[in-house]
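Structural overview for review
So you can see what is in the structure, the chains are spelled out below.
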Amino acid sequence: MPVLGTHATNDPVIGPSAGTGMAVALNVDLRAIEHAVCAHNMRNRFAGLYKARKCVDRAEFWGDIVTTIGADQQINVLEFGVRQGRSMRYWSEHFKNPDTRFVGFDSFIGLPEDWTENLKTGSFSTRGKAPDIDDPRISYEIGWFQNMLPGAIARRQQQLAGSPLFVHLDADLYSATLYVLGVLANHFDEYYVAFDQFHLDENRALADFMTAYPFRVQFLSYTADKAGRCLAFGRMKKIWFEPGR
Ligand SMILES: C[S@@+](CC[C@H](N)C(=O)[O-])C[C@H]1O[C@@H](n2cnc3c(N)ncnc32)[C@H](O)[C@@H]1O
């Protein structure tokens, strides 16, 4: 019977149980699997990304988001993963409509779980402090998405109804991204969405979300660098569920 154990380098190992006399083992490098799954998604499921506008870097990519949605358009912006407010500051400076509202969601005590070898639980903590951005249109929801998102949306139902929605997903993690997409699906049939880490966990979260939820994504722009990092922007739309599609 296969067992999950640990070999000398601390990599997880799957192999036959002791005493069977069978050769050990299949080394499982989970990160390599993650990369392979995301690369597979990019080539197949998300191949439409490469037909979208390619931006040279993040600055052009963020600019493209604002131009596409419309700087003067009255919208709601929900940002998941705020940290010190670098992206929030950008959205608030560039989306100029006085009635536009920005809601930043974050624990502000960092990641709830290890993400990469270097970015462990608690990374990106601002010790509970939300950024002080001089814009009264911004407010924050502080806590774990998994605890507060449904309540926050219910409380803000009136504010969120009727205007176009832009969702910025920058929480890095598979768990956080998948959870947010699932909750939003119960409230919004159509919205703009941007992924800050579309080469990693956020990519797999979208793929798994779309396996279960009848949503389609139309990619509008992206940027990718030589190191393989990819940011993607598009439009999510609920569709009619049809088996086999
Ligand atoms: C990469 S940082 C965000 C960066 C930010 N958008 C910027 O432009 O600098 C990721 C953030 O996601 C938050 N985060 C991740 N998972 C979360 C969860 N489940 N609930 C609440 N916050 C979470 C972390 O606290 C962290 O501040």
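For the structure, see preceding data.
Residues numbered from 1 in each chain as written. Predicted model: local features only at pLDDT ≥ 70, side-chain atom pairs only at ≥ 80, totals over all residues. Heavy atoms only, no water.

**Observations concerning the overall build of the protein**
Within the protein, the regular secondary structure consists of seven helices and 11 strands. Expressed as a percentage of the 245 residues in the protein, the buried residues total 46%. Carbon together with sulfur atoms contributes 53% to the accessible area of the protein, which is approximately 13,000 Å² in total. (Helix = DSSP H or I, 4+ residues; strand = E, 2+ residues; numbered from the N terminus. Buried < 20%, exposed > 50% of the residue type's maximum accessible area, 1.4 Å probe, protein only. Areas by Shrake-Rupley, 256 points an atom, 1.4 Å probe, with all protein chains shown as cover.)

**Points about the site of the ligand**
In the vicinity of the ligand, 20 residues are found, and the nearest of them are Gly81, Ser87, Asp106, Gln146 and Asp170. In the environment of the ligand, a nitrogen atom lies 3.1 Å from a nitrogen or oxygen atom belonging to the backbone of Phe145. Within the contact set of the ligand, a nitrogen atom lies 3.0 Å away from a side-chain nitrogen or oxygen of Gln146. Considered on its own, the ligand offers 600 Å² of accessible surface; in the complex 95% of this is hidden by protein. Elements represented by at least two residues in the shell around the ligand include exactly α3 (86-94) and α4 (145-155). Residue composition of the shell around the ligand, by class: nine nonpolar, six polar and five charged. (Near = heavy atom within 4 Å. Polar contact = N/O pair within 3.5 Å; in protein donor to acceptor, adjacent residues only side chain to side chain. Nonpolar A, V, L, I, M, F, W, Y, C, P; charged D, E, K, R; others polar.)

**As for the sheet that holds strand β7 (residues 138-142)**
Spatially, β4-β10-β11-β9-β8-β5-β6-β7 is the arrangement adopted by the eight strands of the open sheet, whose pairing is mixed. Since the sheet does not close on itself, it has two edges, and those belong to β4 (53-54) and β7, each with one partner. With nine bridges connecting them, strand β10 (residues 215-224) and strand β11 (residues 230-238) associate as antiparallel partners. Note that in β11 the partner of Val217 across the bridge is Met236. Each of β8 (165-169), β9 (190-195), β10 and β11 touches helix α7 (residues 201-212); the most contacted strand, β10, lies at about 165° to it. (Pairing = 2+ DSSP bridges. Contact = heavy atoms within 4.5 Å. Axes fitted to C-alpha atoms, helices over the stretch in contact; angles between N-to-C directions.)

**Quick notes on the packing of α4 against helix α6 (residues 174-185)**
Packed helix pairs are specified by the crossing angle of their axes together with the interaxial distance, meaning the distance between the axes. Closest axis-to-axis distance for the α4/α6 pair is 10 Å, and the angle between their directions is 20°. One finds that α4 runs roughly parallel with respect to α6. For the pair α4 and α6, the crossing hand works out as right-handed. Every residue of α6 that contacts α4 at Phe145, Gln146, Leu149, Pro150 and Ile153 is listed here: Ser175, Ala176, Tyr179, Val180, Val183 and Leu184. Here the residues of the contact of α4 with α6 are counted per class, giving nine nonpolar, two polar and no charged. (Parallel < 35°, antiparallel > 145°, perpendicular 65-115°, else oblique. Left-handed = near helix turned anticlockwise from the far one by under 90°.)

**Description of the pattern of salt bridges**
Taken as a whole and judged by the stated rule, the model has nine salt bridges. Between Arg204 and Glu34 there is a salt bridge, with its nearest N and O atoms 3.0 Å apart. Placement of the pair is Arg204 in helix α7 and Glu34 in helix α1 (residues 30-43), with a sequence separation of 170 residues. Its relative accessible area of 7% is what places Glu34 among the buried residues. The partner of Arg58 in a salt bridge is Asp196, and the shortest N-O contact between them spans 2.8 Å. Separated by 138 residues along the polypeptide, Arg58 in helix α2 (residues 58-69) and Asp196 in the loop between β9 and α7 bring together distant segments of the chain. For the pair Arg58 and Asp196, one class covers both residues: buried. Because the salt bridges share partners, they merge into one network encompassing Arg58, Asp196 and Arg229. (Salt bridge = Lys/Arg side-chain N within 4 Å of Asp/Glu carboxyl O.)

**What to know about the nonpolar core**
Counting 44 residues, the largest nonpolar core has Phe80, Tyr191, Phe198 and Leu206 as its most contacted members. Considering each element in turn, this core owes the most residues, six residues, to α6. In this view, Phe198 contacts Met42, Phe46, Leu49, Asn203, Leu206, Phe219, Cys230 and Ala232; residues no more than four positions away in its chain are not counted. Grouped together as the second largest cluster of nonpolar side chains are 24 residues, Ala130, Ile138, Phe166 and Ala194 included. (Core = buried A, V, L, I, M, F, W, Y, C linked by side-chain atoms within 4.5 Å.)

**A closer look at the environment of Lys238**
Relative to the helices and strands, Lys238 resides in strand β11. On the basis of relative accessibility, which here comes to 40%, the residue Lys238 falls in the partly exposed class. Those residues in contact with Lys238, other than ones at most four positions away along the chain, are Ala185, Asp189, Pro214 and Phe215.

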